[in-house]
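Structure at a glance
Letter by letter, the chains look like this.
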Amino acid sequence: LENHRENERETLRLNLKREVFLQVAPAIQNNYLALSAFVDLQLSISDLHKKTQDTLAQSAGAIAKLQAVAADETLEAARQVQTLLGTIWVRLIAARSGLDERTDIAASKEIAGLWEKEDAAFPPLISSLIEHVRQELHLPFDKERFEVGIVDSNARLFTELEKIIGPLG
């Protein structure tokens, strides 16, 4: 009987984690995707700032729920991802501010090149976070394959961007 109760408690814990993790995944992805707005030089700095802040505000609740259910290693991996995204955001907003009101191709190349350089640190961090989440849910995960896939996807994105605006530098 006690074994049955423990199994039920474990099932409830896993279900709760699963629900939280299913909210966190799109929240982090939205934060990551929000960085692409920095390349849109048609957005004013204030509109860009508002758009990014709205995205971060929408995701904060879901990400905060991790504190209630995630293991320490998962929390640390999530902190590293969010810190990286925040750092990239600060660097990109500073770079955009430095462009003033420029919307020429050179300015586009400059901000896109910075975004590409900053983005290089993301794949290992997000794959580490996903690995921890999947371990907590007792799900298999091929971290190397996933990370290679992200790197490939990002390379394709920047290749297409270069086709539009030229070499990013």
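Quick note: structure is the one above.
To start, this report covers the structure provided alongside it. (Residues numbered from 1 in each chain as written. Predicted model: local features only at pLDDT ≥ 70, side-chain atom pairs only at ≥ 80, totals over all residues. Heavy atoms only, no water.)

Considering the overall build of the chain
The number of helices and strands found in the chain is 7 helices and 0 strands. Mapped in sequence order, the helices and strands of the chain form the string α-α-α-α-α-α-α. Referenced to the eigenvectors of the C-alpha coordinate spread, the extents of the chain come out at roughly 70 × 30 × 20 Å. Here the chain holds 169 residues, and 36% of them are scored as buried. Considering only contacts within the chain whose residues lie at least 6 apart along the sequence, 76% involve residues at least 24 apart. Approximately 9900 Å² of the chain is accessible, and the part contributed by carbon and sulfur atoms is 56%. Looking at charge distribution, the chain has the averaged site of its 19 positive side-chain charges lying 2 Å from that of its 26 negative ones. (Helix = DSSP H or I, 4+ residues; strand = E, 2+ residues; numbered from the N terminus. Buried < 20%, exposed > 50% of the residue type's maximum accessible area, 1.4 Å probe, protein only. Contact = heavy atoms within 4.5 Å. Areas by Shrake-Rupley, 256 points an atom, 1.4 Å probe, with all protein chains shown as cover. Lys, Arg positive; Asp, Glu negative; His and termini not counted. Charge placed at Lys NZ, Arg CZ, Asp CG, Glu CD.)

Regarding the side chain of serine 128
Note on placement: serine 128 falls in helix α6 (residues 122-136). With a relative accessible area of 18%, serine 128 lands in the buried category. Leaving out residues up to four positions away in the same chain, serine 128 has contacts with Ala77 and Lys143.

A closer look at the nonpolar core
Residues Ile28, Leu35, Phe38 and Leu129 are the most contacted members of the largest nonpolar core, which totals 42 residues. For this core, the element with the highest residue contribution is helix α4 (residues 72-98), accounting for 9 residues. The residues touching leucine 35, leaving out its near neighbours within four places in the chain, are Leu85, Ile88, Trp89, Leu92 and Trp115. (Core = buried A, V, L, I, M, F, W, Y, C linked by side-chain atoms within 4.5 Å.)

Focus on the packing of aromatic side chains
The geometry of two aromatic rings is summed up by the distance between their centres and the angle between their planes. Counted by the stated rule, this structure contains 3 aromatic pairs. Consider the rings of tyrosine 32 and phenylalanine 122, whose centres lie 3.9 Å apart with planes at 10°: the pair is stacked. Highlighted residues: tyrosine 32 in helix α1 (residues 2-34) and phenylalanine 122 in helix α6, separated in sequence by 90 residues. Across the pair, exposure class does not vary: tyrosine 32 and phenylalanine 122 are buried alike. (Phe/Tyr/Trp six-rings, centres within 6.5 Å; stacked < 30°, edge-to-face > 60°.)

Such coordinate-based values are descriptive only and should not be taken to indicate function.
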